[in-house]
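# Coordinate inspection notes
Chain residues, written in single-letter form:
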Amino acid sequence: MPDREKMPYRDCVGVAVFNAQGQVFVGRRKPQGDSEASAAHGSPWQMPQGGMDKGEAPIDTALRELFEETSITSVEVLAEAPDWIFYDVPDDVLGIALKGKYRGQRQRWFAVRFTGRDSEINVLAPGGGKHPAEFDSWRWAELETLPELIVPFKKKAYQDIVAAFRDVPARVRAES
């Protein structure tokens, strides 16, 4: 097994997309061979996330990844989590998940308000089919339920996300 302590974290972003009712978008990951979602046991729901390209600003990555995974472009940025949020992959997929290069991810998270219609969301052929589908289904969920919907090894990270954006649902509902 690789030495976890010598492996870096992958820089990544995540996006919490809030609708007018203060609910957040979650997508169900498609099974993908040896991916972290497929290799680990548990529920495959998550919010959009993805790796940063060299020299890319975190907010630019967030908006790019959001489009590439969901087709969503109609958003207003509301907040950024104050700190990096980390998670480690489980031991049984260390050296396999995340192309075998990373121990986990170090993520910058953003909260955005979805200003479009649900019909804009297309997880099966994102970007008009220009990007491979990462989700096979999606739904709106209450923010505080997210830690129970995702793979167990990301639970602490999602608890940190919930804490960072705890005030956003009420703010979105009040402004809608």
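These notes cover the structure that comes with them. Here the structure is a predicted model, which means the values were calculated and not measured.

## What to know about helix H5 (residues 168-175)
Residues Val168, Pro169 and Val172 constitute the buried set of H5. Axial view of H5: buried residues confined to an arc of 100°, hence all on one face. On its buried side, H5 packs onto strand S1 (9-18), strand S5 (75-80) and strand S7 (104-114).

## Side note on helix H4 (residues 155-164)
Taken residue by residue, H4 has Ala157, Tyr158, Ile161 and Val162 as its buried positions. Mapping the buried residues of H4 onto a view down its axis gives an arc of 140°, with all of them on the same face. Contact partners of the buried residues in H4: strand S3 (45-46), strand S6 (85-88), S7 and helix H3 (146-149).

## What to know about the pairing of S7
Burial analysis of S7 places 10 of its 11 residues in the buried class, the great majority of the element. The pairing of S1 with S7 spans 10 bridges and is parallel. Note on S7: the bridge partner recorded for Val13 is Arg108. The pairing of S5 with S7 spans five bridges and is antiparallel. Of the residues in S7, the one forming a bridge with Glu80 is Phe110. Pairing analysis gives four bridges linking S6 to S7, with the strands arranged antiparallel.

## Thoughts on the pattern of salt bridges
Evaluation of the coordinates by the stated rule reveals 18 salt bridges. One salt bridge connects Asp11 with Arg106, and the closest N-O pair in it is separated by 2.7 Å. Of this pair, Asp11 sits in strand S1 while Arg106 sits in strand S7, placing them 95 residues apart in sequence. On the basis of relative accessibility, which here comes to 25%, the residue Arg106 falls in the partly exposed class. Close ionic contact of Arg171 with Asp167 constitutes a salt bridge, the shortest N to O distance being 3.9 Å. Given the relative accessible area of 28%, Arg171 is considered partly exposed.

## A short note on the environment of His131
Tracing the sequence through the fold places His131 in the loop between S7 and strand S8 (135-141). In the structure, His131 is positioned 16 residues away from Thr115 in sequence and 22 Å away in space, judged by C-alpha atoms. Discounting residues that sit within four places of it in the chain, His131 has contacts with Phe67, Glu68 and Pro126.

## Some points on unusual backbone geometry
The phi torsion at Ser71 lies on the positive side, around 75°, for a residue other than glycine. As for its position among the elements, Ser71 is in the loop between helix H2 (58-70) and S5. Since its relative accessible area comes to 10%, Ser71 is described here as buried.

What counts as what
Residue positions within a chain follow its written sequence, with the count starting from 1. pLDDT decides what is reported in this predicted model: residues at 70 or higher carry local features, side-chain atom pairs at 80 or more are listed and counted, and totals for whole chains, interfaces and linings draw on all residues regardless. Each side-chain value is derived from all of the structure's non-hydrogen atoms; neither hydrogens nor water enter the calculation. Under the scheme applied here, a residue whose accessible area is under 20% of the maximum for its type counts as buried, over 50% as exposed, and between as partly exposed, the area being computed with a 1.4 Å probe on protein chains only. In DSSP terms, a helix is any run of H or I states spanning at least four residues, a strand is any run of E spanning at least two, and both are numbered starting from the N terminus. Working note: the arc is built from the helix axis to C-beta atom directions. Should any heavy atoms of two residues lie within 4.5 Å, those residues are counted as being in contact. Strands qualify as paired when DSSP identifies two bridges or more between them. Counted as salt bridges are all cases of a side-chain nitrogen of Lys or Arg within 4 Å of a carboxyl oxygen of Asp or Glu.

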